[in-house]
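Geometric and topological summary
So you can see what is in the structure, the chains are spelled out below.
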Protein chains: 2
Amino acid sequence: MPVPPSLPQTTDIDHESAFVRAVGVRMVELLDGYRGRAAAISDSATPLVESIAGLVRGGKRMRAVLSWWGWQGAGGHPDDPRILDAAVALELFQAAALIHDDILDRSDTRRGAPSIHRAFEARHQQAGWRQDPCHFGVSAAILTGDLCLSLSEEVFASAADASTNPAGARSLFNEMRFEVMAGQYLDILDEVEVPGQDPAEALQRARTVLRFKSARYSVVHPLGLGGILAGADEDLLEHYGRISAPLGEAFQLQDDLLGVFGDPAVTGKPAGDDLREGKRTELVAHALDLLTPSQVAEVEAALGDPQLSPEAVSRIQTLLESGGARARVEREVLDLGDASLAALVEAPMDQGAKVGLGQLARQILDRKH
Amino acid sequence: MPVPPSLPQTTDIDHESAFVRAVGVRMVELLDGYRGRAAAISDSATPLVESIAGLVRGGKRMRAVLSWWGWQGAGGHPDDPRILDAAVALELFQAAALIHDDILDRSDTRRGAPSIHRAFEARHQQAGWRQDPCHFGVSAAILTGDLCLSLSEEVFASAADASTNPAGARSLFNEMRFEVMAGQYLDILDEVEVPGQDPAEALQRARTVLRFKSARYSVVHPLGLGGILAGADEDLLEHYGRISAPLGEAFQLQDDLLGVFGDPAVTGKPAGDDLREGKRTELVAHALDLLTPSQVAEVEAALGDPQLSPEAVSRIQTLLESGGARARVEREVLDLGDASLAALVEAPMDQGAKVGLGQLARQILDRKH
């Protein structure tokens, strides 16, 4: 496959921005093609693809950029179309996970717009269709997510097949899919199971969900897939794992902190959203350990209450803060960040990729939304 | 890849039964492995895989056997493990589609057992978990379907990669996935959109749904995938299309007839299930053409009414029968069957595969459940 010449006269950061733009352009191009495929079946089928296109216009492209640095760290050319397609596939995979996750979590919004099931529900209502708009919205979103999942694989497979290690790349992609679905199931299970009171066990369960539902597919696998596609050997992939495993966990712990303490004006989500959804994060596990039994009971009563008032959210925030749970998680983020950056220093990577990945890691560790 | 010796002393029908058993055995073997993969994440995650294993114990294996005849018709060895895996992948793909389809159609049972979302709902209730059992059931079934869809692709890709035409096989698999999802969307759209009164347009819409939601993935693509994996050339694939396109449509028209007139004792579904679900099949389209306006209004009022009484079902059955809609569809099944069998006679296939496929085609055309 021909490798186009490097974009001229750009710094690393400019180059990263150019790559992010290229991901967006390539995604539009591919989805235009898929829209045509839908239209060939029926014009009425195009909203499935258009919904995906709308959703992937947004997003931080973190997984795409991680795969790009993983690719370059293993000697891949930054402008190679294969890593561009693999990055698009990761963004589509994330979109598929979000579409279904928003049904599971009953989320009304995503990336500043209605979630896909809500958008189809609104389409039903606006058109004055028959039967239950909510059921139609969920049904259409299930199908949209299925299609997006299939397309992510289709795009990934074509990138993998053009690489030097198609089998290894596909195997890792399969592992990622499996882990996310299992992790999401453990997540919804944790929300409904009657929780044990043992803080150590709660911490262990929360860490398992965090790893499989988020850390590995958000950070570990994108970096590893980029590497494997560029022909990284076992040694380099091990180094990648030492960088990405703590970074991925720190990423999700930050997300957990934002889900309880985040500023709605910055995160775009209501304050205390994770509390209303009943997420049993490490923050909650630490609270079991640090708070008095009556305080624990108060936290437990709040978790999963969709009607939780802003005052109750504020009260739980205070408990998690004054009891020290927040500080423990923040400390953990710092420790994980240190471990990740220390591993980065030691990794036998191209220097430019090391600098770029280090900058991205710091952005992830300092994230505010 | 070594090809095991042919099973000794079997007739074609015995051999087909042996293949069907082998599909079941291989599916159990693969799912045992996936169960282990889930257990490595958490023992709590294994119900996802166990649900799939339970569902695929049943089923007629029609898609598996079609792919096997398509494979043999193109010169493939009947005991080659590659077609076994491809057949398993098709069964898993169907299972994935059924799991999500049962959520869309609010079906309580599947293959004589609770549908997956109902089974997870019951698990929630029996365990005395918290929050809404119904939402948990749907959420877990969404994830189970996602996993099953991913596994079907994983198994198919490994079979395709070991074949002489991996790119062609994967492209057809991608087309199949896309079509089913688009077809399912058109199906739910037809249930909610305010229908036009033009019988020709209704017939066209019904035929589009029938093709893409069912006929192509149930019959056309399994036969074609079997062929392409064995290295079938364009000419043979065209012949396959002339056999399978009418056969697939006849298969689904039979299903439509069974959905309204089927004997519950044989189909395992309540009488008139398609009426309660509001399926706008060709049977309904013909009714628009053949019945009086007041009769049409009666049919329209019944469609999609989940509370439809057995008496009302019986009344609609009579209308569809006496007005001639049923006879038109039955005529169409016969004509399509004739076209399919005539194309089979002309196809440049191995004689044994031709006989076997012909027997299967007749079973499909005569199906009673």
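Residues numbered from 1 in each chain as written. Chains lettered and ligands numbered in written order. Predicted model: local features only at pLDDT ≥ 70, side-chain atom pairs only at ≥ 80, totals over all residues. Heavy atoms only, no water.

Turning our eyes to something else, we now look at helix α13 (residues 293-302) of chain A. Residues and elements named next belong to chain A. Within the sequence span of α13, burial applies to V296, V299, E300 and A302. Taken end-on, α13 shows its buried residues confined to a sector of 165°, consistent with a single buried face. For α13, the exposed residues set more than 90 degrees away from the buried face come down to S294 and A301. Immediately downstream of α13, the backbone of G304 shows phi near 85°, a positive value. (Buried < 20%, exposed > 50% of the residue type's maximum accessible area, 1.4 Å probe, protein only. Helix = DSSP H or I, 4+ residues; strand = E, 2+ residues; numbered from the N terminus. Arc of directions from axis to C-beta.)

Here we come to the packing of aromatic side chains. All names here are of chain A. Overall, the coordinates contain 20 aromatic pairs over all chains when judged by the stated rule. Between the aromatic rings of F19 and W68, the centroid separation amounts to 4.7 Å while the plane-to-plane angle is 10°, which identifies the pairing as stacked. Of this pair, F19 sits in helix α1 (residues 12-41) while W68 is found in helix α3 (residues 62-73), placing the two residues 49 residues apart along the sequence. In terms of burial, F19 and W68 fall into one category: buried. Where F156 meets F173, the ring centres are 4.3 Å apart and the plane angle is 10°; that geometry is what we call stacked. Of this pair, F156 sits in helix α6 (residues 133-161) while F173 is found in helix α7 (residues 166-192), placing the two residues 17 residues apart along the sequence. The side chain of R326 reaches across the aromatic face of F261, ending 4.1 Å from its centre. (Phe/Tyr/Trp six-rings, centres within 6.5 Å; stacked < 30°, edge-to-face > 60°. Lys NZ or Arg CZ within 6 Å of the ring centre and 35° of its normal.)

Under the defined criterion, the tally for this structure stands at 68 salt bridges over all chains. In this structure, the salt-bridge partner of R118 of chain A is D108 of chain A, at a minimum N-O distance of 2.7 Å. Pair noted here: R118 of chain A is in helix α5 (residues 116-127) and D108 of chain A is in the loop between α4 (81-104) and β1 (109-110), with a separation of 10 residues, a long-range link. The partner of E154 of chain B in a salt bridge is R37 of chain B, with the nearest N and O atoms 2.5 Å apart. Of this pair, E154 of chain B sits in helix α6 (residues 133-161) while R37 of chain B sits in helix α1 (residues 12-41); the two residues are 117 residues apart in sequence, bridging distant segments of the chain. Three or more residues joined by partner-sharing salt bridges are found here, namely D101, D105, D187, E191, K213, E277 and K279 of chain A. (Salt bridge = Lys/Arg side-chain N within 4 Å of Asp/Glu carboxyl O.)

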